[in-house]
Amino acid sequence: MNARKRIVIARPTRLSATQSASERLGWLGWFGSLVPAFALVIGLTLLHDVYNENRASEVAEVDSALYLEGYLLLRDPSPDALKRGREAFQRLLKSYPGSRYVPEVWLRLGELYFDENELKQAVAAYQKAFELESPFKDKALYKLAWSHYRLDDYDAAVARFLQLIDLLQKAPQTGAE
């Protein structure tokens, strides 16, 4: 069923006092599912305008906007979205090297490289993510070890996996025992 038919079927044609609130507002649920897509389009358009007009200095939290742009583009199924997401992350790293998003951006870039079998670039990105203090340190080390393994660098892979075990054993225990 296409979207046009869904709107016609789901949207009440006449509101009456006997309809429940959920019946009267049921069509809003379908419309509400479109809101994130509209927000993505509007947000990306505004970000694009800010950078094209060199107005980044006028906007607070530009690093947050760049992070969000990259993050959302990685979830966009269009053909060039991954490339554009990677570029947004690289702009963030270049323009805001002290941003709170830097460790996560390095990890996400590592994931992109790993998934695209660009393993040497993945190693470099995971190494940078691991070197920074962040909650992603263990995941970066884990993926760093796997990247070495996939590069057939088994000694480095084993060394990183052993380093991960040490890191996890030193980490404070959380949760119920």
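Residues numbered from 1 in each chain as written. Predicted model: local features only at pLDDT ≥ 70, side-chain atom pairs only at ≥ 80, totals over all residues. Heavy atoms only, no water.

1. Points about the packing of helix H6 (residues 102-115) against helix H8 (residues 137-150)
Across the interface, H6 lies against H8 with an axial gap of 11 Å and an inter-helix angle of 25°. One way to sum up the angle between H6 and H8 is to call them roughly parallel. As H6 runs across H8, the sense of the crossing is left-handed. Every residue of H8 that contacts H6 at Leu107, Glu111 and Phe114 is listed here: Lys139, Ala140, Lys143, Trp146, Ser147 and Arg150. Among the residues forming the contact of H6 with H8, the class breakdown is four nonpolar, one polar and four charged. (Axes fitted to C-alpha atoms, helices over the stretch in contact; angles between N-to-C directions. Helix = DSSP H or I, 4+ residues; strand = E, 2+ residues; numbered from the N terminus. Parallel < 35°, antiparallel > 145°, perpendicular 65-115°, else oblique. Left-handed = near helix turned anticlockwise from the far one by under 90°. Contact = heavy atoms within 4.5 Å. Nonpolar A, V, L, I, M, F, W, Y, C, P; charged D, E, K, R; others polar.)

2. Points about the packing of aromatic side chains
Evaluated as defined, the whole model comprises nine aromatic pairs. Between the aromatic rings of Tyr142 and Phe161, the centroid separation amounts to 6.2 Å while the plane-to-plane angle is 70°, which identifies the pairing as edge-to-face. With Tyr142 in helix H8 and Phe161 in helix H9 (residues 154-170), the pair connects residues that are 19 residues apart, well separated along the chain. Judged by centre distance (5.4 Å) and plane angle (65°), the rings of Tyr149 and Tyr154 are edge-to-face. Residue Tyr149 is classed as partly exposed on the basis of its relative accessible area, which comes to 39%. Over the face of the ring belonging to Phe114 we find Lys143, whose NZ or CZ atom lies 4.0 Å from the ring centre. Seen from the ring of Phe114, Arg150 lies directly overhead, with NZ or CZ sitting 4.5 Å from the centre. (Phe/Tyr/Trp six-rings, centres within 6.5 Å; stacked < 30°, edge-to-face > 60°. Buried < 20%, exposed > 50% of the residue type's maximum accessible area, 1.4 Å probe, protein only. Lys NZ or Arg CZ within 6 Å of the ring centre and 35° of its normal.)

3. Observations concerning helix H7 (residues 119-131)
Spanning 13 residues, H7 covers 18 Å between terminal C-alpha atoms, matching the ideal 18 Å at 1.5 Å per step. Elements in contact with the buried residues of H7: H6, H8 and H9. (Expected span 1.5 Å × (residues − 1).)

4. Topic: the confidence of the model for the protein chain
Looking at the protein chain as a whole, the pLDDT averages 76, with 63% of positions reaching at least 70. Of all the helices and strands in the protein chain, helix H1 (residues 3-10) carries the lowest mean pLDDT, 37, while H7 carries the highest, 97. Note on residues 1-35: pLDDT is under 50 here. Beyond four places in sequence and across chains, it has 17 contacts. (pLDDT = per-residue confidence, 0-100.)

5. Description of unusual backbone geometry
Backbone geometry follows two general trends: most residues other than glycine have a negative phi, and most peptide bonds adopt the trans configuration. With phi around 60°, Asn117 is a residue other than glycine that occupies positive phi space. Turning to its location among the elements, Asn117 is positioned in the loop between H6 and H7. One non-glycine residue, Asp152, lies in the positive phi region at around 65°. By secondary structure assignment, the location of Asp152 is in the loop between H8 and H9.

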